[in-house]
Amino acid sequence: MTRSRKRKLQRLQAGPSARRMAMALPLAPLLMAGVSSALAQDTGAALEEVVVTAQKQQENLQAVPMSIQAFGESKLQDLRITSMTDYMKFMPSVTFQTFGPGFTRVFMRGVASGDNGNHSGPMPSVGQYLDEQPITTIQGSLDIHVYDIERVEMLAGPQGTLYGASSQAGTIRTITNKPDPKAFSASYDLQGNYVSGGDGGYTAEGYVNIPLTDSSAVRLVGWYEHSPGYIDNVKGTMTFPTSGITMDNYSRAKDNYNSGDTYGGRALLKIDLNDNWTITPGVMGQVADYNGVFAYDPNIGDLKITHFYPEKSKDTWVQASLTVEGKIGSWDMVYAGAYLDRTTDTQSDYSDYGYWYDVCCGYGTYFKNDAGDFVSPAQFIRGKDGYKMWSNELRFSSPRDQRLRFTGGLFAQSAEHQIEQRYMVDDLTSYYWVTGWPDTIWLTEQTRTDDSYAAFGELYYDITEKLTATAGYRLFNTDNNLKGFFGFNANYSSKTGEAACFNPKKYRGAPCINLNKDTSESGGTPKVNFAYKFQEDLMVYATYSEGFRPGGVNRRGTFPPYKADYLTNYEVGWKTTLADGTVRFNGAAFIEKWDKFQYSYLGENGLTNIRNAGQAEIDGIEAYVDWAATSQLRLSAGATWLNPELTQNFCQALDVNPCPPEQLAKKGTQLPVTPTFKGNLIATYMFNVGGYDASVQGSYVYQNEVESELIPYNRQFTGKQGAYGIADFSGSMKKGPYSLTLFINNAFDERADLFKYQECAVEVCGVAVGHPYTTYTGTNQPRTIGLIFRQEF
């Protein structure tokens with residue numbers, strides 16, 4: 001696209017903007033003007049244009065009246081981003097907890113209650129998309145290897161109108177590079193790296209774009225990554241007080257325990273049927289096969305654990321997609337359909353549960369073999385989860401050059417999650433087996449279905465040349481069903497499991513059916529926005545919007561279904577381009593009210609309960625700056641400040657009055673999981689040396705300490721997640737099609753407290769034991785030094 005055509009498209013996309021809002025930071029225009037005049041200019045300095053599709057159509061980032069952070073292809077490469085946890089590190093409004101590749105939970109703007117993330121619990125509050133297709137499952141999003149990606153967009157705040165269910169707190173979109181019929185291109189990268197105190201790793205990745213005809217092309221992408229291990233499973237023993245049995249892990253002890261491999265590919269075919277119609281079918285698949293865990297026990301040592309049973313995970317998925325784009329008259333039409341098939345196989349050590357339950361409650365008394373001798377009550381888990389998801393969206397948009405514009409359509413999605421979880425004890429007496437399942441003390445064999453249907457639309461009207469109003473609404477219907485078996489053998493429990501079956505028919509190998517519940521809801525989420533453009537490069541906006549997360553059913557028979565929870569957002573923001581296009585300064589201030597949020601916790605028999613329980617408010621400011629200081633120096637920074645807290649007393653024992661102190665969180669209690677401050681700085685300096693194009697780059701990410709639990713009493717067992725700062729450095733040289741990059745990530749070998757957890761949770765063991773027990777800390781990769789070679793064709 002020529003520069004003149006880009007400028008024409010930018011003017012068309014920006015459109016007239018908003019009228020002045022009394023609450024829209026009245027000092028901002030004066031501040032921006034002062035900053036602009038104060039900045040020294042370099043005639044060769046310029047920021048690249050950023051085009052996003054946050055509103056389901058191509059627009060300049062600075063023309064979209066919403067809080068967006070975007071990473072283009074060059075920035076993704078410069079920051080050496082290969083996974084979603086890599087780019088989320090640089091997103092100040094985003095927090096994540098990861099149990100390893102494929103098992104990551106994402107939170108945005110402090111919207112987190114510290115729930116336990118159970119497979120039968122609430123859906124995620126952050127939606128994730130691959131191109132036009134949703135990829136959010138109950139377990140979390142697909143952990144897509146980031147290579148040959150056009151950009152990643154982070155849309156902060158409720159996106160309930162255009163994106164719907166589970167985009168309650170925000171949305172993250174990954175946009176792939178599309179086939180180009182105009183020219184052949186290809187590239188490959190080879191990387192080798194070494195982790196301080198750990199193993200070596202390597203990556204090979206590449207793409208090729210092949211024109212087939214003047215109107216069609218195929219783009220093929222492939223990758224293989226070996227991730228080095230850095231957690232040691234050290235030798236140790238565990239003695240159970242009831243039986244006196246001691247077990248050891250000598251045969252399983254291993255250094256660098258958590259290595260693994262990720263490999264996959266993507267194929268897209270683009271066919272321009274004529275000047276107005278294009279179809280793009282595609283398929284993408286990936287396997288992430290990992291050993292060990294991505295956390296350590298500080299009581300054992302730095303980056304060390306003592307576990308006794310095999311631990312591994314394998315996440316395998318394939319998604320087929322079809323996008324059809326065209327025109328009907330002067331209106332644009334887009335159809336986006338996808339089918340996702342995903343399987344995860346896991347093995348987990350669960351010894352701590354048996355040990356601490358034995359300490360508190362004499363748990364080991366029940367565990368004998370068929371000869372009547374005591375056996376170790378240590379448990380381990382074997383899980384197999386299968387996901388299938390179908391999604392379809394049909395969308396229409398009116399001409400962009402009109403004063404009144406419209407984008408809207410229909411959406412349908414059906415997701416099925418087959419859950420198999422076996423909690424096992426070696427050599428357990430068959431008297432306690434779940435019928436037909438050897439050594440299995442507890443079995444979950446369920447199918448969960450989540451269906452969603454919606455009609456949505458946004459109307460844009462230019463009230464004046466400077467003021468634009470937007471009104472949107474999404475009307476939705478959701479259905480949730482949970483069917484199957486969960487629980488113990490009737491000899492072990494006379495109230496749950498087989499004893500609670502109401503249908504003797506076997507269910508996917510389980511002995512009977514004791515669960516078949518469903519619930520459905522209908523509702524709507526509105527959006528109102530006013531955007532005012534003081535001048536071409538200065539816009540302010542004010543937004544009222546809502547986001548929702550679907551409700552669902554409880555497995556416990558005495559608990560009713562939980563309802564959808566809603567997040568209401570009041571936001572003012574600004575988009576500015578200063579100093580002749582060398583500075584981009586965007587930001588927003590917001591108040592978000594979280595009403596009757598879904599809270600999941602462990603109840604009797606370790607069964608997850610979910611209730612609509614609390615009310616919270618999150619006040620915050622987020623800001624992003626990009627500065628082309630000179631033709632050689634680029635600086636960027638981002639930060640988010642939050643005040644997330646309860647606005648009323650919350651009692652986990654919802655039906656007890658007065659509330660027991662150990663289950664009470666008072667009004668003003670800080671919400672867990674999310675820091676109150678997170679920020680980053682990135683500096684890049686480009687120069688020429690000996691005929692080579694060279695650059696050096698440094699980045700620093702910092703966040704303050706985080707509460708791990710919502711209930712203050714529980715915090716004494718779990719502790720806080722400590723503050724941390726991570727610094728990365730790199731240097732690159734390029735000549736012609738070849739480039740070489742030397743990097744050092746986590747240069748000062750900082751341990752990031754990403755999350756904390758226990759196998760035997762506070763609700764089960766903590767109160768009874770009355771003293772600290774095993775708490776694990778999920779952390780980042782230690783200092784890593786590596787080299788990347790790239791060749792382009």
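Residues numbered from 1 in each chain as written. Predicted model: local features only at pLDDT ≥ 70, side-chain atom pairs only at ≥ 80, totals over all residues. Heavy atoms only, no water.

A. Geometry of a negative patch on the surface. On the surface, Asp370, Asp373, Asp426 and Asp427 cluster together into a negatively charged patch. In this fold, Asp427 is placed in the loop between β25 (404-424) and β26 (440-462). Judged by relative accessible area, Asp427 falls into the partly exposed class, the value being 48%. (Patch = residues over 30% accessible without salt bridge, like charges linked within 9 Å, V, L, I, M, F, W, Y side chains within 5 Å. Areas by Shrake-Rupley, 256 points an atom, 1.4 Å probe, with all protein chains shown as cover. Salt bridge = Lys/Arg side-chain N within 4 Å of Asp/Glu carboxyl O. Lys, Arg positive; Asp, Glu negative; His and termini not counted. Charge placed at Lys NZ, Arg CZ, Asp CG, Glu CD. Helix = DSSP H or I, 4+ residues; strand = E, 2+ residues; numbered from the N terminus. Buried < 20%, exposed > 50% of the residue type's maximum accessible area, 1.4 Å probe, protein only.)

B. Quick peek at the nonpolar core. Tyr87, Met88, Met91 and Ile172 are the most contacted members of the largest nonpolar core, which has 61 residues in total. Membership of the second largest hydrophobic core comes to 20 residues, among which are Trp356, Val425, Trp442 and Cys760. (Core = buried A, V, L, I, M, F, W, Y, C linked by side-chain atoms within 4.5 Å.)

C. Quick peek at the packing of aromatic side chains. For the structure shown, the criterion picks out 43 aromatic pairs. On the numbers, 4.7 Å between centres and 40° between planes, the contact of Phe488 with Tyr492 is tilted. Note on accessibility: Phe488 and Tyr492 belong to one class, buried. One Lys or Arg, Lys235, reaches over the ring of Tyr250 and ends 5.8 Å from the middle of that ring. A cation sits over an aromatic face here: Lys368 above Phe374, 5.1 Å from the ring centre. (Phe/Tyr/Trp six-rings, centres within 6.5 Å; stacked < 30°, edge-to-face > 60°. Lys NZ or Arg CZ within 6 Å of the ring centre and 35° of its normal.)

D. Spatial organisation of empty space enclosed by the protein. Applying the stated criterion to the full structure yields 7 cavities of 30 Å³ or more. When its volume is computed, the largest cavity comes out at roughly 1,100 Å³. Taken together, 48 residues line the largest cavity, and the ones lying closest to its centre are Thr82, Ser83, Thr85, Asp86 and Gln781. The leading source of residues in the lining of the largest cavity is strand β4 (residues 94-98), at 4 residues. (1 Å grid on protein atoms, 1.4 Å probe; cavity = no way out; pocket = protein on both sides within 12 Å on 5 of 7 lines; lining within 4 Å. Points joined across faces, edges and corners; volume = space filled by probe spheres on them.)

E. Broad picture of the state of the cysteines. One pass over the structure, following the stated rule, counts 3 disulfides. A disulfide bridge connects Cys501 with Cys512, and the sulfur atoms are separated by 1.9 Å. The sign of the 60° torsion about the S-S bond sets the Cys501-Cys512 disulfide as right-handed. In this pair, Cys501 is assigned in the loop between β27 (467-487) and β28 (515-535) and Cys512 in the loop between β27 and β28, connecting sequence segments 11 residues apart. What makes Cys512 buried here is its relative accessible area of 6%. Covalent S-S linkage joins Cys651 and Cys659, the inter-sulfur distance amounting to 2.1 Å. Residues Cys651 and Cys659 are joined through a disulfide that is right-handed, its torsion about the S-S bond being 90°. (Disulfide = S-S within 2.5 Å.)

F. Here's a closer look at the side chain of Arg151. Mapping Arg151 onto the fold places it in strand β10 (residues 149-156). Reaching out from Arg151, the side chain makes a polar contact with the side chain of Thr53 at a distance of 3.0 Å. Apart from residues no more than four positions distant in its own chain, Arg151 is found in contact with Val51, Val52, Thr53, Phe71, Gly72, Leu76, Arg173, Thr174 and Ile175. (Polar contact = N/O pair within 3.5 Å; in protein donor to acceptor, adjacent residues only side chain to side chain. Contact = heavy atoms within 4.5 Å.)

G. Structural context of a nonpolar patch on the surface. Taken together, the side chains of Phe184, Ile210, Leu212, Leu220 and Phe793 present a nonpolar region at the surface, about 480 Å² in accessible area. Structurally, Phe184 is set in the loop between β11 (170-176) and β12 (185-195).

H. Examining the sheet that holds strand β3 (residues 68-72) more closely. In spatial order, the strands read β3-β10-β11-β6-β7; together these 5 strands make up an open sheet with mixed pairing. In the strand order of this sheet, the two ends are held by β3 and β7 (133-134), each with one partner. Of the strand pairs in this sheet, strand β6 (residues 126-130) and β11 are connected by 5 bridges, and their pairing is parallel. When the bridges of β11 are listed, Val126 appears paired with Gly170. (Pairing = 2+ DSSP bridges.)

I. Looking closely at the environment of Asn680. Looking at the element boundaries, Asn680 is found in strand β36 (residues 677-689). Residue class for Asn680 comes out buried when judged on its relative accessible area of 7%. It is 30 Å that separates the C-alpha atoms of Asn680 and Asn256, two residues lying 424 residues apart in sequence. Reaching out from Asn680, the side chain makes a polar contact with the backbone oxygen of Phe90 at a distance of 3.2 Å.

J. View of helix α5 (residues 351-361). Within the sequence span of α5, burial applies to Ser351, Asp352, Tyr353, Gly354, Trp356 and Asp358. Where α5 ends, the next residue or the one after it, Gly362, has phi of about 65°, a positive value.

K. Just the pattern of salt bridges, in detail. Applying the stated rule across the entire model yields 33 salt bridges. For Arg508, the salt bridge identified is with Glu445, shortest N-O distance 2.8 Å. Taken together, the residues Arg508 in the loop between β27 and β28 and Glu445 in strand β26 connect sequence positions 63 residues apart. By relative accessible area, which is 1% here, Glu445 ends up buried. Salt bridges sharing common partners tie together Lys56, Glu132, Glu393 and Arg395.

L. The side chain of Thr85, seen in detail. By secondary structure assignment, the location of Thr85 is in helix α4 (residues 84-88). Among the polar contacts made by the side chain of Thr85, one reaches the side chain of Ser83 at a distance of 3.1 Å. Setting aside chain neighbours within four positions, we find Thr85 in contact with Phe96, Thr98 and Thr104.

M. The pairing of strand β5 (residues 104-108), seen in detail. In terms of residue burial, β5 counts as a mostly covered element, since 4 of its 5 residues are buried. By the bridge criterion, 5 bridges tie β4 to β5 in an arrangement that is antiparallel. Looking across to β5, one finds that Gln97 is bridged to Arg105. Linkage of β4 to β5, two consecutive antiparallel strands, is achieved through a turn of 5 residues, within which Gly100 is found at a positive phi near 130°.

N. Seen up close, the environment of Leu79. Within the secondary structure, Leu79 is located in the loop between α3 (73-78) and α4. Among the residues examined, Leu79 registers a relative accessible area of 7% and is labelled buried. When the C-alpha positions of Leu79 and Phe90 are compared, they lie 9.4 Å apart, and in sequence the two are 11 residues distant. Ignoring anything within four residues of it in the chain, the contact list for Leu79 reads Phe71, Phe90, Ile682 and Gln697.

In short, geometric facts, not functional conclusions.
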